[in-house]
Amino acid sequence: MTDITKAYPLGGSRVEALKGVSLSVKEGEFVSIMGPSGSGKSTLLSITGCLDVPTSGVYLLDGKNVSQLDDDELSLLRNKRIGFIFQAFHLLPRFNALENVELPLIYRGTPKDEREKIAKTCLEQVGLIHRIGHAPSELSGGEQQRVAIARALVNSPRLILADEPTGNLDSTSAEEVMDILCRLNEERKITVVIITHNRGVAERTKRVYHLKDGQIVDEDK
Ligand SMILES: Nc1ncnc2c1ncn2[C@@H]1O[C@H](COP(=O)(O)OP(=O)(O)OP(=O)(O)O)[C@@H](O)[C@H]1O
Ligand SMILES: [Mg+2]
């Protein structure tokens, strides 16, 4: 992406959340974004994941200029290529682990048998096949986040975007979540971009972008 800006209208004025961000993530990379609260990290991740569009600038995803796509094309791109993970897990409380993971496939119209098979494979990959019948309230925070990772995997994404995935976890569960993300990156060559406040988490990624006041101020390799 080149010279990306994002302004939110606020009352009569505007908040400039991003003020000309240029960065490039190659396929198969594992990159983290750090920065103080309000520096624009989540805004940047939303744009990266096509959940939001920039006010100006050029964003190429897989060589396609995202700003030229309409809403349908954007949602197709998201569903097919991108998996999202959030700090607060976002699991549906009334559904068990298996059903939560199946959900994106229900939206896609995948038949029940196939849905279950794919969801179970994904839960196996995060080490939770023994918890498929548990509701989110019957799972630890780390387990809930692993269910959320499994849910992000059902569409075979090439890109995983995670907004503080370890923010609500104790250090052991955080390690487990990072182990899984590292493995997905190394073994399946999935590109991973992760926001974190935790230096130890950032150190496990290959490159760190530092964001401040809507601008990249530093890059560690
Ligand atoms: N929908 C919105 N409308 C108006 N202003 C917004 C909106 N979303 C974000 N902002 C503003 O944009 C700036 C960047 O917000 P953003 O959520 O990207 O920060 P962040 O780096 O993710 O912070 P945190 O670490 O607290 O999650 C903030 O000043 C915020 O108040
Ligand atoms: Mg944020």
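Calculation rules
- Residues numbered from 1 in each chain as written.
- Chains lettered and ligands numbered in written order.
- Predicted model: local features only at pLDDT ≥ 70, side-chain atom pairs only at ≥ 80, totals over all residues.
- Heavy atoms only, no water.
- Axes fitted to C-alpha atoms, helices over the stretch in contact; angles between N-to-C directions.
- Helix = DSSP H or I, 4+ residues; strand = E, 2+ residues; numbered from the N terminus.
- Parallel < 35°, antiparallel > 145°, perpendicular 65-115°, else oblique.
- Left-handed = near helix turned anticlockwise from the far one by under 90°.
- Contact = heavy atoms within 4.5 Å.
- Nonpolar A, V, L, I, M, F, W, Y, C, P; charged D, E, K, R; others polar.
- Pairing = 2+ DSSP bridges.

(A) Molecular detail of the packing of helix α3 (residues 97-108) against helix α5 (residues 141-153). Packing of α3 against α5 leaves a shortest axis separation of 7 Å and a crossing angle of 30 degrees. Between α3 and α5, the interaxial angle falls into the category roughly parallel. In terms of crossing hand, the pair formed by α3 and α5 is right-handed. Together, Ala97, Asn100, Val101 and Pro104 of α3 and Val147, Ala150 and Arg151 of α5 make up the contact between the two elements. Residues of the contact of α3 with α5, tallied by class, amount to 5 nonpolar, 1 polar and 1 charged.

(B) The sheet that holds strand β1 (residues 2-10), seen in detail. Ordered in space as β2-β1-β4, the 3 strands form an open sheet in which the pairing is antiparallel. The two strands at the open ends of the sheet, each matched to only one other strand, are β2 (13-21) and β4 (56-58). Averaged over all neighbouring strand pairs, the angle between strand axes comes to 20 degrees, with direction disregarded. Alignment of β1 against β2, held across 7 bridges, turns out to be antiparallel. Counterpart to isoleucine 4 in the pairing with β2 is valine 21. Each of β1 and β2 touches helix α1 (residues 41-48); the most contacted strand, β2, lies at about 70 degrees to it.

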